[in-house]
Each structure stands twice: as structure tokens, then as C-alpha cells.
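Examination of the molecular architecture
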Amino acid sequence: ISPPSSEIFLDEFDFDLDGWIYYSVGNSPVVPNPPDNYSLSRDLLDGQPSPSALISGDGYAINAGMRKQINIPTDTTQVILTFDGKAQGTFPSHPYIPNLLVSILDENGQNIYNEYVVGPGLPSSTSITPWEAYTVDITDQVLGHNQVSIILGLADSWEVNYRQKAWFDNVSVEISR
């Protein structure tokens, strides 16, 4: 009997975006072609420690974020996603905290998991959240799939620009076998 093993990747965004790419999708059937002016970049001044990945811009009826594909070995027993995240949303005279959204797509691009780890966008006296560590067990969602895409981002459902931003750092996936 061989001992259990695990595979892990850790993306700290020290030199680049570590293979993460920009991703967006409309989130409302009543807005068939949503405006999307969000982008993915490295924020050299913020992180845990800096730099970090930053989603910023504006849109309406859209989920915007960053996406990375991972392979799921057939003998996988557990998959744990961890990351540090921070969210911001401001508007003169009416601050909003936006949201941080975790989504998973299967190998056919079908959404198999959504979870808001912050939000979604409730009025608050604070317009920015502190950096927080998040752990999400995605085992049940990914078992039986050969490859999945992990998406970290935000949902923007407001026509008004609340200047939403989402930061991510120290993203890791541990696959136990």
C-alpha cells in the first residue's frame, strides 16, 4: 500500500499572473449582451504580501474574474481551494461592499459550483473589506471530472458604477490522492 500523496499549486503573483486569465460571463437573462469593462492585472502595492491579482473596472449584469484550469486525477480523494481575498466598492455618499465569488466550471464549460464568500453587495458603513483567508472544500463538485476551471472574481449587477474591485493572493489547490 502506497502512502497518500498530494499535489499542490500555490500562486502568489510574484512575477506574473501564474497562468490565470481574465474571464467574464453575463449573469442576467434580461441583459443578453452585458457591458464588460473589467480587467485582470497585478497590483504591485497590495497583497498578503504584495503583489496580488486584481479584478477592477465596471460592468453591468456580469460576473468578472480570473480563471485557471486544473486537472483532477482519477484517484483523487479530496480537493481543497484556499486563497486570501479582499473586496472594495465605493460610490460617493453611498458606500457598498461588493462581493467575492468562487465558481467552478466543468470540462464542458458548465457551471457546477457558485459560492459568495463575501457579499453580495449589501449596503454597509465600510467600502472595503480587510484581507481574509478563505478555505473551500470543492471535493464533491470536482470528483468525476478530468479537468475543471476555477474562477475567482465578483458579480456586478448594478448599472451605476460602484467601482468594484476584488483582490486575490496566495491561491492554492491541494489535491489529495
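Note that the structure is predicted; figures quoted are calculated from it, not measured.

Details of the overall build of the protein
- Secondary structure assignment for the protein yields 1 helix and 11 strands.
- Going from N to C terminus, the protein has its helices and strands arranged as β-β-β-β-β-β-β-β-β-α-β-β.
- Counting across all 177 residues of the protein, residues that qualify as buried make up 48%.
- In the protein, of all internal contacts separated by at least 6 residues, the share reaching a separation of at least 24 is 76%.

What about the sheet that holds strand β7 (residues 100–105)?
- Reading across the sheet, the 5 strands line up as β2-β5-β10-β7-β8 and stay open at both edges, with antiparallel pairing between neighbours. A single partner strand is all that each edge strand has here, and the edge strands are β2 (21–26) and β8 (111–118). Ignoring strand direction, the axes of neighbouring strands in this sheet form an average angle of 30°.
- In terms of strand pairing, β7 meets strand β10 (residues 147–156) through 5 bridges, oriented antiparallel. Each bridged residue has a counterpart across the sheet, and for V102 the counterpart in β10 is L152.

Quick word on the pairing of β7
- The buried fraction of β7 amounts to 6 of the 6 residues, a majority that puts the element mostly inside the structure.
- Along β7, one buried face is formed by L100, V102 and I104 and the opposite face, lined by L101, S103 and L105, is buried too.
- Note: β7 against β8, 6 bridges, orientation antiparallel. Looking at the pairing, I104 lines up with Y113 of β8.
- Linking β7 back to β8 in an antiparallel pair, the connection comprises 5 residues, with G109 at a positive phi of about 85°.

About the criteria used
- Residues numbered from 1 in each chain as written.
- Predicted model: local features only at pLDDT ≥ 70, side-chain atom pairs only at ≥ 80, totals over all residues.
- Heavy atoms only, no water.
- Helix = DSSP H or I, 4+ residues; strand = E, 2+ residues; numbered from the N terminus.
- Buried < 20%, exposed > 50% of the residue type's maximum accessible area, 1.4 Å probe, protein only.
- Contact = heavy atoms within 4.5 Å.
- Pairing = 2+ DSSP bridges.
- Axes fitted to C-alpha atoms, helices over the stretch in contact; angles between N-to-C directions.

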